[in-house]
Amino acid sequence: MTAMDDSENFTTNPRIAADVATMGDLVAERLSRRGFLGGLGAVSGLALAGCAAPLEKTVAAAEALPGAGEAPAFRFTELARGLDETHHVAPDHQADVLIRWGDALFTDSPPFEPMNQTAEAQRRQFGFNNDFIGYIPLERDGEGRERAILCINHEYTTTHMMLPGVAEGYPATMTKALCEVEMAAHGGTILEIRKEGGKWHPVVGSPFNRRITADTTPMQVTGPAAGHPRLQTTEDPTGTRVAGTMNNCAGGITPWGTYLMAEENFNGNFLGALPKEHREAKNHARYGVPSGWYQWGRFVDRFDVSKEPHEPNRFGWIVEVDPMDPQSTPKKRTALGRVKHEGAESVVAPDGRVVVYTGDDQRFDYVYKFVTKGKFDAENRAANMDLLDEGTLYVARFDADGTLAWLPVVYGTGPLTEENGFASQADVLIDTRLAADLLGATPMDRPEDIEPNPKTGRVYVMLTNNDKRKADQVDAANPRPANRFGHIIEIIEPEGDFASETSRWEILVRCGDPSIAAVGATWNPLTSPNGWLASPDNCAIDPQGRLWVATDGNDDTGAADGIWALETDGARRGTGHHLYRCPAGAEMCGPRFNTEGDVLFVAVQHPGETDGSSFEKPGSRWPDFDAAMPPRPSVVVITRKGGGPIGG
């Protein structure tokens, strides 16, 4: 999730009273990019504030799980906080650029020409603003070299940083050809990589390589909403076929090795207007449609809601892709609901059902999980391929006593009836936000990535920030008004049962500078001046069961976004350690470990996007530092000098 996208994240939740941003606010935000408590006595202070069970009970419950226990401490030399035009990594690690926007994927990919971009070329090149990274190991090649597949989302395009000559005259300078370049740069990349000479490299021309775009990749709609009249359009009267996917933020890799692409801020891709009495007017308003970040609707009818009012309903889903078959048709799995999905991380529950966690990344929106009806079969991949079409979607209510109720988002349950506008489960899923509003879910401070830890039965929720929350809107799970710096919640699933309908929760850390009392940050006192962070966004669990956090908005504290290790166990619980920082203007995305934990892949998104920056005058020309090249979003490979696990 990006700072640009957050310009639209003013409150549209009707349960929350807040001012609506003006168009001037949106344009200005878009173009400007903008301790843990010491000891268990302090933990009881949190409990008095309504934040959950005492820490010793939580840790004991986690350690009681089979195979659980205290994860190894991090052992690396911390990186200093800072902000400049290049990237930096802790001194006992190294960081290498793997692939950049515009790099070749196929043997016939044209060279990258930033001054002469075309949609045709972009469809054969690595896309823009890489976000989620998924890792799937492959067997070694005939020469014994390590191989893997990376699945990488391309979340959005920063028009004024990507295209020459548009910054001063946007949107009038946009043409159909330039809009088509943007569509081609959205979506995702599936890429084979190989380790050679001690370094990882893309395998150009691999049979696994694939570009998925917002305009030309055919997709199938599956699950309860497939074929519903509210998904039918002029181009697709069946309501079962969609051209492309867009605004893919975080995602996930399923236990059977498929790639989940989470469609997030799709509202930004639409123009036009509907009359207030139209069937979709309330639905569109709840999702912020249209916001008009992009000008596609001027040239393509399906992105103009006045011409195709159902088209927005075909986005906001979880898309499942089989990376092992480049000819396969991606599937939009409607059973998981339609929101601004930040991610889709999955885990197998003790009874074999699969659980997918996702956050709806907007201020005052909700945390969800989906539990499949069927069970995972580790011996039969084909039997798992449609597991995500049947199951139960839940939304979270965080109670002040530290319990969490997972409320079923199911037609006929409580208020989800025809009297309230829901004629079927398809309606419930198309209008997931409206359904969750009626169910009384807890409005959160921008729930982004949500990561389950199968070793401990705990789940980590990144709550990035919410400066719109007022003092009378504070609750136990969102304890700070005007929350500029975010916090992290830990969900404790009982006995590791991720499918449970009742859980517990507590706040792991309140982010921000602990040396400023007014910030209200809570870190372990062992956290150094370099170890605290702000605006947690994506996260990852390494093979040792340790938590790593990426930020989007840490630059508001005067230092770059980056990667931090965060202790979750024992006496060091709530201690942060700084590993990597981005170049100026960039956001940190997509942390993903290889199977052994000795490689960490990260995505550097929108480098050089500082105040007043543009294609012609970026805040950095990372990673090429070539006057003929703009800054280029890139995937970076982090390894430890001399080998061994990342973070020690």
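Residues numbered from 1 in each chain as written. Predicted model: local features only at pLDDT ≥ 70, side-chain atom pairs only at ≥ 80, totals over all residues. Heavy atoms only, no water.

J.: Which residues make up the overall build of the protein chain, and what values do they have?
T.: Along the protein chain, the regular secondary structure elements total 11 helices and 31 strands. Rg of the C-alpha trace for the protein chain: 23 Å, near the compact-globule value of 26 Å for 648 residues, within the 12% margin. The dimensions of the protein chain, computed from C-alpha atoms along their principal axes, are 65 × 60 × 55 Å. Counting the 648 residues in the protein chain, one finds 63% classified as buried. For the protein chain, the exposed area adds up to about 21100 Å²; of that, 52% sits on carbon and sulfur atoms. (Helix = DSSP H or I, 4+ residues; strand = E, 2+ residues; numbered from the N terminus. Rg over C-alpha atoms; globule rule 2.2 N^0.38 Å. Buried < 20%, exposed > 50% of the residue type's maximum accessible area, 1.4 Å probe, protein only. Areas by Shrake-Rupley, 256 points an atom, 1.4 Å probe, with all protein chains shown as cover.)

J.: With reference to specific residues and values, describe helix H11 (residues 432-439).
T.: Residues spaced three or four apart along an α-helix face the same direction, because each turn holds 3.6 residues. With 7 of 8 residues buried, H11 lies mostly within the body of the structure. Turning to H11, the residues buried within the fold contact helix H8 (281-287), strand E16 (363-365), strand E17 (367-375), strand E18 (391-398), strand E19 (403-408) and helix H10 (425-430). Taken from the residues just after H11, Gly440 is the one with a positive phi, measuring 85 degrees. (Contact = heavy atoms within 4.5 Å.)

J.: Which residues make up the environment of Ala185, and what are the values?
T.: In this structure, Ala185 sits in helix H7 (residues 176-185). Judged by its relative accessible area of 0%, Ala185 is buried. The sequence separation of Ala185 and Gly102 amounts to 83 residues, and the corresponding C-alpha distance is 9.2 Å. Ignoring sequence-local partners within four residues, the contact set of Ala185 consists of Gln122, Gly127, Phe128, His154, Thr157, Met162 and Arg211.

J.: Tell me about the packing of aromatic side chains, and name the residues and values.
T.: Counted by the stated rule, this structure contains 16 aromatic pairs. Three or more aromatic residues link up through ring pairs in this structure, and these residues are Phe270, Tyr294, Trp296, Phe303 and Phe315. The ring of Phe106 carries the charged tip of Arg124 above its face, separated from the ring centre by 4.0 Å. Against the face of Tyr287 rests Arg338, its NZ or CZ located 4.2 Å from the ring centre. (Phe/Tyr/Trp six-rings, centres within 6.5 Å; stacked < 30°, edge-to-face > 60°. Lys NZ or Arg CZ within 6 Å of the ring centre and 35° of its normal.)

J.: Before we move on, can you summarise the environment of Thr568 with the specific residues and values?
T.: Relative to the helices and strands, Thr568 resides in the loop between strand E27 (562-566) and strand E28 (576-581). Judged by relative accessible area, which is 5%, Thr568 ranks as buried. As for Thr568 and Glu70, which are separated by 498 residues in sequence, their C-alpha atoms are 8.5 Å apart. Discounting chain neighbours no more than four positions away, the residues touching Thr568 are Arg458, Tyr460, Leu508, Leu547 and Arg573.

J.: Explain the pattern of salt bridges residue by residue, including any values.
T.: This structure, assessed with the given rule, holds 49 salt bridges. Residue Glu143 pairs with Arg145 through a salt bridge whose shortest N-O separation is 3.6 Å. The partner of Asp427 in a salt bridge is Arg279, and the shortest N-O contact between them spans 3.5 Å. Here Arg279 lies in the loop between strand E11 (259-263) and H8 and Asp427 lies in helix H10, a separation of 148 residues in the sequence. (Salt bridge = Lys/Arg side-chain N within 4 Å of Asp/Glu carboxyl O.)

J.: How would you explain the sheet that holds strand E10 (residues 248-253) if you had to name every residue and give the values?
T.: Within a beta sheet, neighbouring strands are joined by backbone hydrogen bonds and run either parallel or antiparallel to one another. Strand order across the open sheet formed by 6 strands is E9-E8-E13-E12-E11-E10, with mixed pairing between neighbours. Edge positions in the open sheet fall to strand E9 (241-243) and E10, since each of these has one partner strand only. Ignoring strand direction, the axes of neighbouring strands in this sheet form an average angle of 30 degrees. Both strand E12 (residues 318-321) and strand E13 (residues 331-333) contribute to a ladder of 3 bridges, which runs antiparallel. For Glu320, the partnering residue across the bridge sits in E13 and is Lys331. (Pairing = 2+ DSSP bridges. Axes fitted to C-alpha atoms, helices over the stretch in contact; angles between N-to-C directions.)

J.: Describe in detail the pairing of E11, supporting the description with residues and values.
T.: Of all 5 residues that make up E11, 5 are buried, and the element is covered over most of its length. Alternating positions in E11 separate into two faces, Tyr259, Met261 and Glu263 on one and Leu260 and Ala262 on the other, with burial throughout. With 4 bridges joining them, E10 and E11 adopt antiparallel strand pairing. Following the sheet pairing, Gly251 is matched in E11 by Met261. Connecting E10 to the antiparallel partner E11 that follows it, the hairpin turn spans 5 residues, and Gly257 within it adopts a positive phi of roughly 80 degrees.

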